[in-house]
Amino acid sequence: MHTPSAPILYSFADPNNLVDSLARFIIKAQKESIEKKGRFTIAISGGSLAQQLNGLIGKPGVKWEKWQVFYADERVVPLDHEDSNHRLCNDELLSKVPIPRQNIHTIDYSLADDIEELADAYEKELIREFAQKDAARFPVFDLILLGVGPDGHTASLFPGHELLSEEDRWVAYITDSPKPPPKRVTLTFPVINHAARVAFVVYGPSKVDIIKTVLDKPEQGLPPSRSNTPGPPSSCRRLDGRFCRLCCALWMDAWE
Ligand SMILES: O=C1O[C@H](COP(=O)(O)O)[C@@H](O)[C@H](O)[C@H]1O
């Protein structure tokens, strides 16, 4: 099983450096995964993260045809709705690169009237990709990219929400998201904590206070600092490094 090494916090004074560094990190993870397994499985978040991904556009060495893209969470809205994480990522990156459409795994919005069925269908989409190939209890994504909201949520795992204790499911749903829209599906902590690599990409002055709490007060149990999922090692451990005054930062599982 993957044993995460200590996470590293990178902070950048200039947002362009964050975008470049993130692109290099993703390409390195992609190269390593393709060399080992011939494919690269990545889960991406929406929100402000989407804009940080465009450093990948036109970069040499990206083997788009080997990518399998899932969403760390998705808002249950039509895929072309302005709140859709897929739409955000598509507008910022996916529509601008030669990735086969069938390698982009979106929710099936036609099931929106029954969100449980919709979440089940997305879980089955993951099972099709991971279960036969990896035969593990939980999928092992090569990389999961997460954001952190100003309230401390990550993916659609919100502080204090019962979904934080989900131990079995790969994909869960929520109908009472404190941040609109209320209906969402999300990867669960066991999935996040089984990933080979996890990176939190946090940008902007509005995130400074919450990141300080995540890093300095893990006992508060905010979603990004949770490490009590039974079994697998967590890649969301507290950093030992000092907190920097962040304009933007990238917090990632370190290379071994
Ligand atoms: O609602 C969401 O929020 C988080 C954080 O978004 P941000 O815009 O504050 O960076 C995001 O990571 C998640 O994918 C999204 O659904």
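Here, the structure is the one placed above.
Keep in mind the model is a prediction, meaning the values are calculated, not measured.

Before we go on, may I ask you to explain the nonpolar core in this structure?
Nonpolar side chains in soluble globular proteins tend to be buried together. Ile-26, Trp-67, Phe-141, Ile-144 and Leu-145 are the most contacted members of the largest nonpolar core, which totals 72 residues. Among the elements that line this core, the one with the most residues is helix H1 (residues 15–37), at eight residues. Residues within four places of Leu-145 in sequence aside, it is in contact with Leu-22, Ile-26, Ile-42, Ala-43, Ile-44, Ser-45, Leu-49, Leu-53, Ala-72 and Ala-199.

How should the layout of surface pockets be read in this particular structure?
Think of a ball as big as a water molecule: rolled over the atoms, this probe shows where empty space is left. Taken as a whole, the second largest pocket encloses approximately 210 Å³ of empty space. Forming the boundary of the second largest pocket are 19 residues, of which Gly-46, Gly-47, Gly-147, His-153 and Lys-179 lie nearest the centre. For the lining of the second largest pocket, a count of residues per class yields five nonpolar, nine polar and five charged.

What should I look at first to understand the environment of Asp-168 in this one?
Within the element layout of this structure, Asp-168 appears in the loop between strand E5 (143–146) and strand E6 (171–174). In this structure, the C-alpha to C-alpha distance between Asp-168 and Ala-112, residues 56 residues apart in sequence, is 22 Å. Excluding its chain neighbours within four sequence positions, the residues that come into contact with Asp-168 are Arg-137 and Phe-138.

Sorry, what's going on with the packing of aromatic side chains here?
The geometry of two aromatic rings is summed up by the distance between their centres and the angle between their planes. Overall, the coordinates contain six aromatic pairs when judged by the stated rule. Aromatic pair Trp-64 and Trp-67: ring centres 4.5 Å apart, planes at 40°, arrangement tilted. A residue is classified by how much of its surface remains accessible, and Trp-64, at 6% relative accessible area, is buried. Centroid distance Phe-70 to Phe-141: 5.6 Å. Interplanar angle 80°. Geometry classified as edge-to-face. Taken together, the residues span a long stretch of sequence, with Phe-70 in strand E3 (residues 67–71) and Phe-141 in the loop between helix H4 (115–134) and E5 at a distance of 71 residues. Three or more aromatic residues joined by ring pairs make a cluster, and in this case those are Phe-70, Tyr-122, Phe-130 and Phe-141. One Lys or Arg, Arg-137, reaches over the ring of Phe-138 and ends 4.3 Å from the middle of that ring.

Honestly, the sheet that holds E6 in this entry has me stumped. Any pointers?
What holds strands together in a sheet is hydrogen bonding between their backbones, with the strands either parallel or antiparallel. Ordered in space as E4-E7-E6, the three strands form an open sheet in which the pairing is antiparallel. Edge positions in the sheet fall to strand E4 (73–75) and E6, since each has one partner strand and no second. Looking at each pair of strands side by side, their axes are set apart by 15° on average, direction ignored. In this sheet, strand E7 (residues 184–187) lies alongside E6 in antiparallel orientation, the contact comprising four bridges. Within the sheet, the bridge partner assigned to Val-171 lies in E7 and is Leu-187.

Parameters and conventions
Residues numbered from 1 in each chain as written. Predicted model: local features only at pLDDT ≥ 70, side-chain atom pairs only at ≥ 80, totals over all residues. Heavy atoms only, no water. Core = buried A, V, L, I, M, F, W, Y, C linked by side-chain atoms within 4.5 Å. Buried < 20%, exposed > 50% of the residue type's maximum accessible area, 1.4 Å probe, protein only. Helix = DSSP H or I, 4+ residues; strand = E, 2+ residues; numbered from the N terminus. Contact = heavy atoms within 4.5 Å. 1 Å grid on protein atoms, 1.4 Å probe; cavity = no way out; pocket = protein on both sides within 12 Å on 5 of 7 lines; lining within 4 Å. Points joined across faces, edges and corners; volume = space filled by probe spheres on them. Nonpolar A, V, L, I, M, F, W, Y, C, P; charged D, E, K, R; others polar. Phe/Tyr/Trp six-rings, centres within 6.5 Å; stacked < 30°, edge-to-face > 60°. Lys NZ or Arg CZ within 6 Å of the ring centre and 35° of its normal. Pairing = 2+ DSSP bridges. Axes fitted to C-alpha atoms, helices over the stretch in contact; angles between N-to-C directions.

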